[in-house]
Amino acid sequence: PFLFPREGPIDFTQLRAEIAAAYPDDVASVNDSTENERPFGNRSVGNASPAATFPFDPNTATKEEFVSLGLAPRTAQTILNYRNKGGKFFKKEDFKKIYGLRSEDYARLEAWIRLEKPDFAQRDFSRKPDYQGVTEKVDYKEKPAYESHYEKYTPKKETLVEIDINTATDEEWQQLRGIGPGYSKKITNFREKLGGFYSVEQVAETYNLPDSVFQSIRPFLKISPVIKPIKVNSATLEELKMHPYISSYQATAWFNYRQQHGTFANLEGMKKMYAFKAEDWKRLEPYLSFE
């Protein structure tokens, strides 16, 4: 119908007669349906009035005005609902976002949209309302009251604490700048799996702990000789695998070698296992117990 307009209104007489015969209880609603028939552009369909075009502000126009512009009553009500909930049109393009508004309707009405802009030039910003109908003159050259409050504020001095890396709890670790609940938990879990720290530098090996954070807390770390040793001749395979410095492959080699060759007398005897390198023994030596 947009390409080939019909000549004159469409005759719905026969259609209404057939509907009335099939649904006699709904005859009234059928007869009233022409009031909601929607015009297409500036030409009429059925008994609907032709659409008009005139300048309008979508922020203030009434429902009747929207309908006169050719919008369906349901679309007009949608616009009013949007405005009642605090919605506002700041530019023409905002209007076409209304749900149910056809693109051809927006294209037809775009040139007629007039958005009223607030006149800031006429407003007196030197006065502020007291919400009781009375205004007071504000001298912005005066010093705000809040500045005197900040002048009296003195930064809180940071308490410098020193903690023992082998006995400190999660809460004590969190006293250090840069250490929150996440990092403190990771450090203590790593310490438990190791069996204790024998060097402050081992804290830096904690998973995902930034080096910058470690360097900032390093001056406040002290160490005590609290080490849980690895019993080299009685530790189970699972216990060996749990240690962070021993891989699953190395733990299996250790356990099998001990099963085949007997107990270890000293570190030199353990170095015969080819699964370990010199740097591995250097890290493990403080934890080894031959008892």
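Residues numbered from 1 in each chain as written. Predicted model: local features only at pLDDT ≥ 70, side-chain atom pairs only at ≥ 80, totals over all residues. Heavy atoms only, no water.

Participant: Mind laying out the nonpolar core, listing which residues take part and the relevant values?
Facilitator: The biggest cluster of nonpolar side chains holds 36 residues, and the ones touching the most others in it are Trp173, Val203, Leu221, Trp254 and Met270. The set of elements that each furnish at least two residues to this core consists of α9 (181-194), α10 (211-217), α12 (248-261), α13 (267-270) and α14 (278-284). Discounting residues that sit within four places of it in the chain, Leu221 has contacts with Ile163, Ile165, Trp173, Leu176, Val200, Val203 and Phe214. Formed by 15 residues, the second largest nonpolar core is a distinct cluster that contains Phe56, Leu71, Phe89 and Leu109. (Core = buried A, V, L, I, M, F, W, Y, C linked by side-chain atoms within 4.5 Å. Buried < 20%, exposed > 50% of the residue type's maximum accessible area, 1.4 Å probe, protein only. Helix = DSSP H or I, 4+ residues; strand = E, 2+ residues; numbered from the N terminus. Contact = heavy atoms within 4.5 Å.)

Participant: Pulling in residues and values, what's your account of α9?
Facilitator: In a regular helix each residue adds 1.5 Å, so 14 residues correspond to 20 Å; α9 covers 20 Å between its end C-alpha atoms and thus fits that length. On the buried face of α9, the contacting elements are α8 (170-173). Phi turns positive one or two residues past the end of α9, at Gly195, with a value near 100°. (Expected span 1.5 Å × (residues − 1).)

Participant: Give a detailed account of the confidence of the model for the protein, specifying residues and quantitative values.
Facilitator: Overall, the predicted model of the protein reaches an average pLDDT of 80, with 74% of residues at or above 70. Below a pLDDT of 50 lies the segment residues 32-48, which in the model reaches 38 contacts outside its immediate sequence neighbourhood of four places, other chains included. Across residues 130-136, confidence stays below pLDDT 50; counting only partners more than four residues off in sequence or on other chains, it has nine contacts. (pLDDT = per-residue confidence, 0-100.)

Participant: Can you lay out the environment of Val200 for me, pointing to particular residues and giving the numbers?
Facilitator: When you line up the elements, Val200 lands in the loop between α9 and α10. Judged by its relative accessible area of 14%, Val200 is buried. Along the backbone, Val200 and Pro219 are 19 residues apart, and their C-alpha atoms lie at a distance of 9.9 Å. Those residues in contact with Val200 that lie beyond four places of it in its chain are Ile165, Phe214, Arg218, Leu221 and Ile223.

Participant: Explain unusual backbone geometry to me, using residue names and the numbers behind them.
Facilitator: Residues other than glycine seldom take positive phi values, yet Asn208 does so here, at roughly 70°. One can find Asn208 in the loop between α9 and α10. Assessed through its relative accessible area of 48%, Asn208 is described here as partly exposed.

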